[in-house]
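Summary of the model geometry
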Amino acid sequence: MNKLISLLSGIIFGIGLVISEMINPQKVLGFLDIFGNWDPSLAFVMAGALIVSLPTFHIIKKKEKPLLEEKFDYSYNKNIDQRLILGSILFGAGWGLAGLCPGPAISSLALLNFYSMSFVISMFIGFYLVKLFDSITQAR
């Protein structure tokens, strides 16, 4: 049941990304171009997501446990360290250069676009390199 709910949630999320055009790199780059030809439409997408998620998060947070799990899986890490800062910079630079971030990139694979496919392949190579780097640095 948990996997079915996860799949259904992912499909709904992907449809939302398609409807909001967040899978269109030009749309995202237009939103990020605040000193040029700025397209504010994605701000409405973000505001809509916040309107739904903030109250829902606070309602769910008061529950003892989720419906389909034994416990909530929160990150309690409050540290702002070099790894977080570097990761944020790389994520932002990639988003700004490519116009895609992981969720919309995976959703855009349905378009069979070479640009999206190369982005997702590069993203997974990056994930692998981070794990490799972590295993090398932890071995020391």
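In the block above lies the structure referred to throughout.
Residues numbered from 1 in each chain as written. Predicted model: local features only at pLDDT ≥ 70, side-chain atom pairs only at ≥ 80, totals over all residues. Heavy atoms only, no water.

A tally of regular secondary structure across the chain gives six helices and zero strands. Counting over 140 residues, the chain shows a buried share of 19%. Long-range contacts, defined here as pairs at least 24 residues apart, represent 38% of the contacts in the chain between residues at least 6 apart. Accessible surface, the chain: about 11,200 Å² in total, of which carbon and sulfur atoms supply 71%. Looking at charge distribution, the chain has the averaged site of its 11 positive side-chain charges lying 6 Å from that of its 9 negative ones. (Helix = DSSP H or I, 4+ residues; strand = E, 2+ residues; numbered from the N terminus. Buried < 20%, exposed > 50% of the residue type's maximum accessible area, 1.4 Å probe, protein only. Contact = heavy atoms within 4.5 Å. Areas by Shrake-Rupley, 256 points an atom, 1.4 Å probe, with all protein chains shown as cover. Lys, Arg positive; Asp, Glu negative; His and termini not counted. Charge placed at Lys NZ, Arg CZ, Asp CG, Glu CD.)

Turning to its location among the elements, serine 20 is positioned in the loop between helix H1 (2–19) and helix H2 (25–32). Classification of serine 20 as buried rests on a relative accessible area of 14%. Among the polar contacts made by the side chain of serine 20, one reaches the main-chain carbonyl oxygen of glycine 16 at a distance of 2.9 Å. In contact with serine 20, other than residues within four places in its own chain, are Lys27, Leu42 and Val45. (Polar contact = N/O pair within 3.5 Å; in protein donor to acceptor, adjacent residues only side chain to side chain.)

With respect to the helices and strands, the residue serine 107 is situated in helix H5 (residues 102–107). Its relative accessible area of 19% is what places serine 107 among the buried residues. Each residue touching serine 107, except ones within four places of it in the same chain, is listed here: Gly14, Leu17 and Ile23.

Here we take up the nonpolar core. Counting eight residues, the largest nonpolar core is built from Leu17, Met22, Ile23, Val28, Phe31, Leu42, Trp95 and Cys101. Aside from chain neighbours lying at most four places away, what touches methionine 22 is Leu17, Val28, Leu42, Val45, Leu100 and Pro104. With six residues, the next largest nonpolar core counts Ala98, Leu100, Ala105 and Phe119 among its residues. (Core = buried A, V, L, I, M, F, W, Y, C linked by side-chain atoms within 4.5 Å.)

Within the structure shown, the criterion is met by two aromatic pairs. Between phenylalanine 31 and tryptophan 38 the ring centres are 6.3 Å apart and the planes differ by 35 degrees, which places this aromatic pair in the tilted class. Classification of tryptophan 38 as partly exposed rests on a relative accessible area of 41%. Aromatic pair phenylalanine 124 and phenylalanine 127: ring centres 5.4 Å apart, planes at 85 degrees, arrangement edge-to-face. Taken as a pair, phenylalanine 124 and phenylalanine 127 lie in helix H6 (residues 114–139) at a separation of three residues, close to a single helical turn. Residue classification places phenylalanine 124 among the partly exposed residues on the basis of a relative accessible area of 45%. (Phe/Tyr/Trp six-rings, centres within 6.5 Å; stacked < 30°, edge-to-face > 60°.)

A few words now on the packing of H2 against helix H3 (residues 41–61). Their axes nearest at 8 Å, the elements H2 and H3 cross at an angle of 95 degrees. By the angle between their directions, the pair H2 and H3 is classed as roughly perpendicular. For the pair H2 and H3, the contacting residues are Lys27, Val28 and Phe31 in the first and Ser41, Leu42, Ala43 and Met46 in the second. Here the contact of H2 with H3 is composed, by residue class, of five nonpolar, one polar and one charged. (Axes fitted to C-alpha atoms, helices over the stretch in contact; angles between N-to-C directions. Parallel < 35°, antiparallel > 145°, perpendicular 65-115°, else oblique. Nonpolar A, V, L, I, M, F, W, Y, C, P; charged D, E, K, R; others polar.)

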